[in-house]
Structure formats: C-alpha cells, structure tokens
There are 2 protein chains.
Amino acid sequence: MSSFPKQLLQSPSGFPDLGPGAAIAQRRILDVIRTQYERAGFVPIETPLVERPAVLLAKTEGEMSTQVYGLRLMNPAPDAQDDSKDLALRFDQTVPLARFVAANQHEIDFPFRRYVIGPVFRGERAKDGRYRQFTQADIDVIGDGKLELLHDAEIVSIISAIFTELDFGSFTVRINNRKILQGLLVDMGVTTEKISEAIAVVDRIEKVSRSVIVSDLGQLGVSDAKAVDFINMLTGKMSTDETLAALAARVPTCSADIFGEGVSELERVIAGVRSLGVDENRFRIDLSIARGLDYYTGTVYETQFDAYPDLGSIASGGRYENLAGTFTNRNLPGVGISIGVTRLLLRLIKAGLVDATIKTIAPVLVTTALGLEENASTYLDYARRLRESGIATEVYMASKPLGKQLQFADRRRFKLAVIAFEDEIASGNVILRDMKTGEQEVVKLTDLVQKVQRAIA
Amino acid sequence: MSSFPKQLLQSPSGFPDLGPGAAIAQRRILDVIRTQYERAGFVPIETPLVERPAVLLAKTEGEMSTQVYGLRLMNPAPDAQDDSKDLALRFDQTVPLARFVAANQHEIDFPFRRYVIGPVFRGERAKDGRYRQFTQADIDVIGDGKLELLHDAEIVSIISAIFTELDFGSFTVRINNRKILQGLLVDMGVTTEKISEAIAVVDRIEKVSRSVIVSDLGQLGVSDAKAVDFINMLTGKMSTDETLAALAARVPTCSADIFGEGVSELERVIAGVRSLGVDENRFRIDLSIARGLDYYTGTVYETQFDAYPDLGSIASGGRYENLAGTFTNRNLPGVGISIGVTRLLLRLIKAGLVDATIKTIAPVLVTTALGLEENASTYLDYARRLRESGIATEVYMASKPLGKQLQFADRRRFKLAVIAFEDEIASGNVILRDMKTGEQEVVKLTDLVQKVQRAIA
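In this text, all values refer to a predicted model and were calculated from it rather than measured experimentally.

Reading the values: rules and limits
Residues numbered from 1 in each chain as written. Chains lettered and ligands numbered in written order. Predicted model: local features only at pLDDT ≥ 70, side-chain atom pairs only at ≥ 80, totals over all residues. Heavy atoms only, no water. Contact = heavy atoms within 4.5 Å. Buried area = accessible area lost by both parts, 1.4 Å probe. Salt bridge = Lys/Arg side-chain N within 4 Å of Asp/Glu carboxyl O. Polar contact = N/O pair within 3.5 Å; in protein donor to acceptor, adjacent residues only side chain to side chain. Helix = DSSP H or I, 4+ residues; strand = E, 2+ residues; numbered from the N terminus. Nonpolar A, V, L, I, M, F, W, Y, C, P; charged D, E, K, R; others polar. Pairing = 2+ DSSP bridges. Axes fitted to C-alpha atoms, helices over the stretch in contact; angles between N-to-C directions. Least-squares fit on C-alpha atoms with pLDDT ≥ 70 in both. Buried < 20%, exposed > 50% of the residue type's maximum accessible area, 1.4 Å probe, protein only.

Asks: Give me the lowdown on the interface of chain B and chain A, citing residues and values where you can.
Replies: Each partner contributes residues to the interface: chain B has 117 residues there, and chain A has 117 residues. Across the chain B/chain A interface, buried area totals approximately 9800 Å², and carbon plus sulfur atoms make up 57% of it. Summed over the three residues of chain B that lose the most area to chain A, namely B:L9, B:R39 and B:M397, the buried surface amounts to 7% of that side. Seen at the junction of chain B and chain A, the total is 16 salt bridges. Counting across the interface, chain B meets chain A through 44 residue pairs in polar contact (both at pLDDT 80 or more). Top contributing element to the side of chain B that touches chain A by residue count: helix 1 (residues 20-39) of chain B, with nine residues. Across the side of chain B that touches chain A, the residue classes tally to 57 nonpolar, 31 polar and 29 charged. The sheet contact formed by strand 3 (residues 69-73) of chain A and strand 3 (residues 69-73) of chain B spans five bridges and is antiparallel. Within the sheet, the bridge partner assigned to A:G70 lies in strand 3 of chain B and is B:R72.

Asks: Can you lay out the sheet that holds strand 6 (residues 133-142) of chain B for me, pointing to particular residues and giving the numbers?
Replies: All names here are of chain B. The strand order across the open sheet built from eight strands is 1-5-6-11-10-9-7-8, with neighbouring strands paired in mixed fashion. Because the sheet does not close on itself, it has two edges, and the strands there are strand 1 (43-44) and strand 8 (283-285). Where strand 10 (residues 316-320) lies against strand 11 (residues 334-340), five bridges are found, and the strand directions are antiparallel. Residue pairing for strand 11: Y320 is matched across the bridge by G334. Sheet strands in contact with helix 4 (residues 94-103) are strand 5 (112-121) and strand 6, and its direction is about 135° off that of strand 5. Across the sheet, helix 12 (residues 341-350) lies against strand 6, strand 9 (296-305) and strand 11, angled at about 35° from strand 11, the strand it touches most.

Asks: Give a description of the relation of the copies chain B and chain A that names residues and reports values.
Replies: Taken as rigid bodies, chain B and chain A are interconverted by a rotation of 180° and an axial shift of 0.0 Å, the fit giving an RMSD of 0.0 Å. Viewed as a symmetry operation, the transformation between the two copies matches a two-fold axis. Residues of chain B ranked by C-alpha distance from the rotation axis are headed by B:L71, positioned 2.3 Å from it. Comparing contact sets, 100% of the residues at the interface of chain B also lie at the interface in chain A, consistent with an isologous, same-surface contact.

Asks: Residues and numbers for the pattern of salt bridges, please.
Replies: Applying the stated criterion across every chain, the model contains 69 salt bridges over all chains. Put simply, A:D286 and A:R284 hold a salt bridge, and the shortest N to O gap is 3.5 Å. For A:R284, a relative accessible area of 25% gives the class partly exposed. Across the pair B:D216 and B:R204 runs a salt bridge whose closest N-O atoms are separated by 3.2 Å. With B:D216 in helix 8 (residues 210-219) and B:R204 in the loop between helix 7 (195-202) and helix 8, the pair connects residues that are twelve residues apart, well separated along the chain. According to the relative accessible area criterion, B:R204 is partly exposed, its value standing at 32%. Salt bridges sharing common partners tie together A:R174, A:E206, A:R284, A:D286, A:R291 and A:E302.

Asks: Got a sec to walk through the pairing of strand 14 (residues 416-419) of chain A? Specific residues and values, please.
Replies: Residue and element names in this part refer to chain A. Burial along strand 14 is two-sided: the face carrying L416 and V418 and the face carrying A417 and I419 are both buried. Bridge count between strand 12 (residues 364-366) and strand 14: three bridges; the pairing is parallel. Across the sheet, residue V366 finds its bridge partner in strand 14, namely V418. The sheet contact formed by strand 14 and strand 15 (residues 429-434) spans four bridges and is antiparallel. Paired with A417 across the two strands is R433, which belongs to strand 15.

Asks: Go over the side chain of B:S288, please, and point to the residues and values.
Replies: Residue and element names in this part refer to chain B. Here S288 is to be found in the loop between strand 8 and strand 9. Among the polar contacts listed, one links the side chain of S288 to the side chain of D286, at a separation of 2.6 Å. In this structure S288 touches N176, V202, I205 and L234, once residues within four positions along its chain are discounted.

The values are spatial; any link to function lies outside them.
Below you can see the structure in the form of structure tokens.
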C-alpha cells in the first residue's frame, strides 16, 4: 500500500506541470516560433542547461545573482569525484550564447544568426505569472566588429510573422532607439552619470502617473516644463511617418549628437521593416519604450496584444554593443529578442485565447467495437493505412463498449472515429463518424484515407 | 580587457555543446521521432526538469541514487525563503511520469499514451559516450488495471517507422518476453530468489564468453548440460516463425506455467506487429534480450543498427506491471521505450553516419553584391518573396565583396545563392547560383520563387 503524501505529488511551486492540453498548445506555439526563426535563416545551437558558476556570475549582479541555482550531488558515492559545486543552472539564454561565441569565435561565420528554444531557471519567489523554470525562445544576430542596422529591421519582420501566424489577435511591435531617449535627456540637462537612472524613470512611464514622472525627472535636474514636453513627445499618438518627421525636425536644435544618431538609426530600421513587407498596422515607433537594462544601447523592442495590454510584452529585446566583453577582447555587437513562452502560454490559456482542452494531436480514433480478441488485426490494419498516409491515428485498445469508446473520443476531442462491426468488416467498409456533428458515413475501406484527408483538411 | 580564463569557456565535462551542425542534425532526428510518436496517437506532457527529492528518491536505489543532482541557491538574498533543498533534477522520464499520472489519475483518460522529449541529468563520471545531461525521447502507454498486449506490438511498429524514416541504415528491433526467460530458468532449477540474479547473467550473454555464462549459471544451481542447451536456445539464429514453433513445442514439457504465459504473450505481440505492417526484416525474436532492470515484467525490446552493433541499443524498453506503486494504490501497468538521443547523435556523427557539417537550415542565401547603402530594399524584397512562400532564406547583411559572401555560403553549405548587380536589378532579373556546381542562371524576379522551389525539391 502506498502511503506517499498526496501533496508531494504536485510539482514544486514555480515549476508548472503541463498536461496534454497545455503541452499540445505549447507545442504549436513553439513550432510556429521555430519555423519563423528558421525561415529568416537562423540556426539552432544547443548549449547545456548547466554552466560553470564562474561563467554565470562573471558579470551578473543585483537581484539576478541571488537567483542562480547551483547543483549538488544529494548522496554522492563514497568514491565520487564530486565536482558539482562547479555546476549551476543557466538563468537566461544570453550568457550561454556569449560563452559559446567566445569559445568558438574562430570557427563561427559572422554575422552569426542563432536561435535557441529551451528552459531557464531562476530561484525567485513563485507568484502569479512568475516561474522558476520557464521556456525562452531567443534569436540573436552577432556581428564581428560591426553589425548592420538591417538586422534590427529584420527582427521586427520575424516577430510580426510569428504573431500573425499564431493568430491570437492583433498586436503591435513597438520600436524605439535608446540613443533618442538618451539625447533628449542630455538635452534637458540630465548628466551622463544620471542617464541610467533617468531611463529607469522612462521605463515606468506606462505604469505610473505623469506627475510621478515629472517629479522623478525633477530630482534629476529637469524642469517641470521640459519634463511635460518630454512626456508629451514620448506618449503622443502619431503615425510612424509623423513621428519620424517630428524627430527629424528636432535634430538641428538638439544639443546632444547622440540624438541625431538615434534618429538616423531609427529611420534606417523603419525603412528596412518596410522593405521586408511588414504590415504598417503591426509596428509603430514608441518613444517611451526604454527597456530597463543598461545592456541595450540602440534599437529596443516590445510587443503587445492590442486587446490585451495587461499580458505585458510578449517579445522584447534590442541592440547591444558587445555580447561577450567579459569573455573575450573581440568586439561582438548583437541584436536579439526573447519570447517568454511559458508565461505567454499560461496567460493565453487563462485569458481564453488558447484552447487547452484539446487532448489529442491525432485527428482520428480507430475504435474497436468488436473487441480485440478476434478482430485486432482488422482494426490495426485500418490504423496502418492511415498512418502510412501520414495521418496521426490512435487505436482504442482496451475492452470497452463502443459507447464508452466514443465518450473517450469526445472528451479528448478527436475529429473523427472509425467504426466497424461484422457487417462492415465483411463488406470491406468502415463507418466514419464526425465527432462534432455525430454524423456517420459508410465508406469503402479503399477510400478511407482519402475521405479522412478531406475531412481534416 | 578580458582576462577570463580560456579553459572555463568550454562547457563543463559531461555537458556537451552542440554547435549549429550538430544541433541541426539533432533537430532532424527529434522531428522524426516526434512526428512518428504523434502519428501513433501519443500526446505530449511537460513536467518540469525539477522534482522534489522525496519523489525522485522514493524508490531509487543503488548507483542511481548517488547520481541525483539537488539544487541550492548560490547566493541567496538575505530575506530569501530558500526552499532549494527540496528541489532536484530528474534523472529519467519515468519517475516524473509516475508522479504526474498519480497526481492526475482522476482527470486522465486511460489508456494514456504520452510522449516526452527532453533532458535528464545524472551525476556520473563523464566518459566516452556517457553524458551528465542528455536528451531522452520516451513513449509510454499506461493502462488502468490492465493493458492490452497490442500496445506492446504497436511500440515495435513505432520504432520501425522512426528508424526507417531516419534512414541511417538497416536495423533490427529485437523482441523478447521476460516470462519466457523466467520460465526456462525456473525449469532448470533456479529458485525464485535467484531469478533476478540469473536474468542479470543472461543480460551479459552478448558481452562475455559462453564458458563464463555456463559457470555463472552453475553458481545458481544449473547443470552444465542444461546451461549449454539454454544458451543454444537463446542464441540460435532462427526465423521468427521457427522460434515461435520451437517455443510452442517446449510449452507442454516446461514445468513453469509462466513460460507458457510468456510464449502466448509473445505470439500475440508478433501477430500485432505483423498486422501493423512492420517489415519482417526489421524485427526478430531474440530470447537473449533480458534488460537488466527488475522493473520489466513481460515484453522487452532492444534495437540495433545491423552494420553497427557497437553503437549498442538505440531504442530499448518493455512492459512493466505497475508504473506508480510508490505514489498510488491504483494499479497502472505500462509499456514504453526510450531513445537516448544525445548518445545516438554523437555516436552517429563520430561514425560518419550523420553529416554535422551543414550549418544552415535555410537553403537560400540572398547576397548583397552592391552593398547595403543603396540597394538594401531590393535585396530585402527578394528575401521577403522567398520567405512569404515558405522558403527559409538568409540575407547576407555585412559589407563584404561578393566573393567573400559566396565563400560564406559555401562554408555554411547553402544550396542556392541569389545574386544581383545593377544590370539584373534594372532589368527585373536575378542570378540564381547552384552552390554545389557553381552553375548560374539568370531568372526573372517573378519566376524566382518557382525556380527555387524546383531546385530544392
């Protein structure tokens, strides 16, 4: 008798189980992401989930450094050479990329376009929407010494292709350039040392009231009047071309050269986005996008569902000056984005935008109405025909009445059931049942594959 | 200046990095496995990589229990609620399945067919072909109380479909039933308590000499003459039907009832395998297959490449009485297999059976012979056309002479390059270059998609 405590059968807090419904939905999302990453010429690499602490902690500071999980052998054998203290779980996909590129820089052909889809681990307190293990789907392009701005443009077309194909509703890729923000802040009198702090203020522009932003900028030496102008500029609803025109008009009067640089970069990125045929409704310039991290130095992106801003950014990233400065002297600029798939998936399910009640990938269930003793070979032959034509097919292989088998098909949401009694078997026919409507059709066995293909097309 | 020690840029021992070539090869293998698992009606679940030690160690003994990696926060924040001592990394895919099924037994529709493809972790000493993190691709069917033998047959058809599609050379699924071995051993006088030990002897039958087996069985009370007969029976090269006939002939004289049970089970499994249309050359009965673990109680499988027996078994598994006896009183018999993908991949690369030198998934590189300053929109438009037709396409977006760009295409092993100078652009043409032959053809831009589709078909 098992006396195992029931509560220990739940997966640990922050490490969610995905049952078939959610796992099937996730699989579809990951397939679309991967296909679009590959369509744009990205290639996979697979670094281990385990890295050396020396690598993970080389440049990691603040909160993140408190969240790194190290490994330890729980019950090492007496003669074990236990080196587990030199092992830890990755917390993002960027540090492993930096290590890999630094280690293999002489074999890599730059520009290096890599995608990676896999789990990362963070020892933070588990709360709603925060997970300790979650799947990140990243792309980055790494250049050798320099990297053309068209790569930044291409990233927008990839995000757009992914969420268009996923079809969860309309979305907008919001594009900015940190140099524009930096230039405006310098122009308003923020000193170089305070720029990071000021950008952190901008980062909260959608979350707090205007007066808080004005006051916070005031602390950094910006007059109220200038702060209000600044906020108006950042949050004004203008078209892409209006924004570009307003920015261009500002260049001659802006005291900070970096502003003009940012505007010119943004212009090139937008031109590239258009050359790549991205729908004008799927992107816009949003001067208030800052991305908190100091890491980003040029283009930055966030992406939102238009009808669900509360879901937060579903694909974010940007341009950085140097991927692997900690690990090599070679200058390796990059641009990339990350899609937090676990969070996205579980929020979409919660919002009812993803159906996690479909518990089969196979569209067809071959039922076994006459049981398995004498007619197994007949039923298995039906499945063989369908599978050999590439149609995913499950055979119901337990001894239950047909009614129970159809209930099983219903609950799992199969599209079609194949049914055969003595008469059908004798006459070389089967019954094809549409599980949604309950309609049944007698079809010749030799037509089965074709009928099914038509029904699931 | 970076002074990061170079040797620390290598991934830790036992945790291999896969660069683009190996990762692309792995991706193809995993795609084939997944597609065939799904075609047979299996559904994914995703349990976390992290489980509670109480779950992982509940029934894990011996060497494995010394190899479990626990987690620990490396630098916990002062106010952290550190529960990392209750977290550990899974070492296989079966214990998490058992926990998941026990936890969700009232929501699961049995028979429950799940597949899982993902990493597991074992803290063993890293040596050739042993990894500390490796990818396992498993399927299991779990029944409620009982489970039809046809499931055992279906597993053979799935292994066969996978390795037929992968096309790494001919292979054989070797099938046995532990009850047959058990019956023969009992009939020779091995006592019930010594059965496990005797099966461990059988498990080594391909690895050590006959005389060692005879002597080891002698220690368990088997006479030399009987041991020799037994070895002859187990290792005789007979056809499937000859073996079945020989087994059937033995049933009346065998003193152990379990022998007859095993023979009858094996007969049903083989009949099912044939109903599912598996090629007769892709499977055979091998009475010497034992699978070391006590876990297995009926059908057992191993799979080998015919020309590469040294690669070992590439897909192994079998039938077990009860999946989750540790976690629930419900009786949940199952049958399953596991494919150790990391080991398979790296051995296939080493044996030259898998080409890991192709470093692109996209077949087409759009070159940028005129540079990116003025003609970017033209080149990006070529890529847009190809991508919108589903053709994976990379654009060369660095400023290099065309010759360098073609060398890049060569090294990465692109199939086609698209080239355009002023003349082509002015006349609405592009040059399509076959990277293998070097042949070039001028094609109308409006025909580009069709030409490329034909060239890569």
